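Structural features, examined
Chain by chain, the residues:
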Amino acid sequence: LSSVGDQPLYNEDKSMVLVFNGEIYNYQELKKELQDAGHTFVSNTDSETLIHGYEEWGESLVERLRGMYAFAIWDTRKKKLFVARDIFGIKPLYYAQMNGTLMFASEIKAFMEHPKFDKVFNEDALGNYLSFQFVPTNETFFKGVFCLQPGHYFTYENGELNITRYFEPNFTGKYEKTFDEAAAEVEKVMKESVEKHKISDVEVASYLSSGVDSSYLTYLGQVDHTFTVGFDEGESIHMKNDAKVITPDEYWDSLSDIQYYMDEPVADPAAVALYFLSKEAAKKVKVVLSGEGSDELFGGYNIYCEPLEHTAFNKIPMPIRRFMGKFAEYCLPRGMKGRGFLMRHGKTLEERYFANAT
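What comes next concerns the included structure. (Residues numbered from 1 in each chain as written. Predicted model: local features only at pLDDT ≥ 70, side-chain atom pairs only at ≥ 80, totals over all residues. Heavy atoms only, no water.)

Moving on: helix α7 (residues 270-282). With 13 residues, α7 should cover 18 Å at 1.5 Å per step; its first-to-last C-alpha distance of 18 Å lies within 8% of that length. Where α7 is buried, its residues contact β10 (204-207), β11 (226-230), β12 (241-245), α6 (248-262) and β13 (287-289). (Helix = DSSP H or I, 4+ residues; strand = E, 2+ residues; numbered from the N terminus. Expected span 1.5 Å × (residues − 1). Contact = heavy atoms within 4.5 Å.)

Turning our eyes to something else, we now look at unusual backbone geometry. In this structure, Pro8 follows Gln7 across a cis peptide bond, with omega equal to 0 degrees. Here Pro8 is to be found in the segment before β1 (9-10). At Gln133, a residue that is not glycine, the phi angle is positive and equals roughly 75 degrees.

So, on to the sheet that holds strand β6 (residues 101-105). Note on sheets: strands pair through backbone hydrogen bonds, and any given pair is parallel or antiparallel. Reading across from one edge, β6-β5-β7 is the order of the 3 strands in this open sheet, with antiparallel pairing throughout. With one partner strand each, in any of the chains shown, β6 and β7 (145-147) form the two edges of the open sheet. For this sheet, the mean angle separating the axes of adjacent strands, direction not counted, is 20 degrees. Pairing between strand β5 (residues 94-98) and β7: 3 bridges, direction antiparallel. Across the sheet, residue Tyr94 finds its bridge partner in β7, namely Cys147. (Pairing = 2+ DSSP bridges. Axes fitted to C-alpha atoms, helices over the stretch in contact; angles between N-to-C directions.)

Looking now at the pairing of strand β3 (residues 67-75). In terms of burial, β3 is a largely internal element, 8 of the 9 residues being buried. As defined by bridge partners, strand β2 (residues 16-24) adjoins β3 across 9 bridges and the pair is classed as antiparallel. Paired with Ile24 across the two strands is Gly67, which belongs to β3. Bridge count between β3 and strand β4 (residues 80-85): 6 bridges; the pairing is antiparallel. Within β4, the residue paired with Phe71 across the bridge is Ala84. (Buried < 20%, exposed > 50% of the residue type's maximum accessible area, 1.4 Å probe, protein only.)

Throughout the structure, instances matching the rule amount to 15 salt bridges. We note a salt bridge from Glu187 to Lys191, for which the minimum N-O separation is 3.9 Å. Here Glu187 and its partner Lys191 are both found in helix α4 (residues 179-197), 4 residues apart, which amounts to about one turn of the helix. Taking the relative accessible area as the measure of exposure, Lys191 reaches 44% and is therefore partly exposed. Taken together, the shared-partner salt bridges connect Glu107, Lys109 and Asp263 into one network. (Salt bridge = Lys/Arg side-chain N within 4 Å of Asp/Glu carboxyl O.)

Further remarks concern the nonpolar core. Leu18, Ile24, Leu50, Val62, Leu65, Tyr69 and Phe71 are the most contacted members of the largest nonpolar core, which totals 23 residues. Going through the elements one at a time, β2, α1 (27-36), α2 (46-57), β3 and β4 are the ones with two or more residues in this core. Once residues within four sequence positions are removed from consideration, Leu18 is found in contact with Gln7, Pro8, Leu9, Ser47, Leu50, Ile51, Phe71, Ala72 and Ile73. Counting residues in each nonpolar core, the second largest holds 13 residues, with Val229, Ile258, Val272 and Ala281 among its members. (Core = buried A, V, L, I, M, F, W, Y, C linked by side-chain atoms within 4.5 Å.)

Below, the discussion takes up the sheet that holds strand β9 (residues 160-165). Taken in spatial order, the 6 strands of this open sheet run β1-β2-β3-β4-β8-β9, and their pairing is antiparallel. Since the sheet does not close on itself, it has two edges, and those belong to β1 and β9, each with one partner. Packed onto the sheet, α2 meets β1, β2, β3 and β4 and runs at close to 125 degrees relative to β2.

This is the structure:
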């Protein structure tokens with residue numbers, strides 16, 4: 001929007017330099033606090049808030065931030081690098097130490113151009129991927145390349161890299177409020193969060209998949225523009241909506257591009273739809289609201305309740321349950337109520353989990 005926020009961004013005496021990917025939603029409050037402390041701002045960018053915040057608070061800056069981010073600050077006087085990633089890991093951040101050189105980037109492919117980078121396949125990651133459908137550690141498919149975990153930062157000084165975890169969710173399970181009180185509290189948090197996300201210099205649109213996440217966020221955000229993709233013709237949406245149907249040819253032709261952009265394999269077919277969704281939205285807007293994780297967070301699938309509701313059924317000996325599961329799988333018609341339940345309970349929890357990956 002203006003050249004004032006161009007990166008790399010420096011402080012007044014150029015002793016600190018910043019590169020930053022993301023958005024800080026509470027930067028206006030932080031900016032006022034920093035101005036009151038004597039810092040001079042030359043722009044209204046959230047980027048500048050980070051660099052002055054680091055001058056004022058050092059590494060504890062991350063404890064004050066609300067947003068999605070990956071950023072690095074180089075202190076030219078101390079010869080010290082500070083690199084941080086947001087608490088949910090929304091923005092990616094990779095690093096590697098190879099041949100006496102530290103590299104960091106938002107994408108692994110950025111390392112490929114560096115003469116000190118060794119491109120070696122990491123076989124240790126393959127077993128994890130085939131079992132879990134993603135790599136659940138800080139390793140990647142490239143040997144020696146690691147992702148900085150969500151809620152972590154690292155410092156690099158005198159050739160030494162130190163990683164610190166600065167955020168850890170603390171779930172106690174103790175909750176005294178009624179259902180209605182809890183629902184009201186969730187709604188209040190959601191409304192406030194969406195308002196924060198709508199602070200933007202450009203139009204904010206929304207993805208709309210017809211699921212709970214995106215529908216609720218679209219409603220709360222009262223956006224003017226939504227984007228939808230699907231694999232067949234569905235019912236129309238009675239609002240300003242850009243909809244695209246993905247053809248089989250487009251699906252297969254896009255896979256290599258999608259793999260390139262993702263850097264590493266993730267066995268989630270939704271990635272294909274998300275690619276086309278982003279591609280369509282990018283033609284018209286720069287910012288979209290999107291929702292992830294509410295099904296898991298709020299127990300949105302019936303199967304999450306099964307271990308609590310069907311304890312008596314689980315007392316049936318496993319051989320009998322296995323027989324019932326096989327019978328349901330091969331003899332009962334697809335879509336018949338109870339078929340999936342019998343199939344799931346004819347397997348151990350481990351078998352059920354790994355079955356998704358076969």
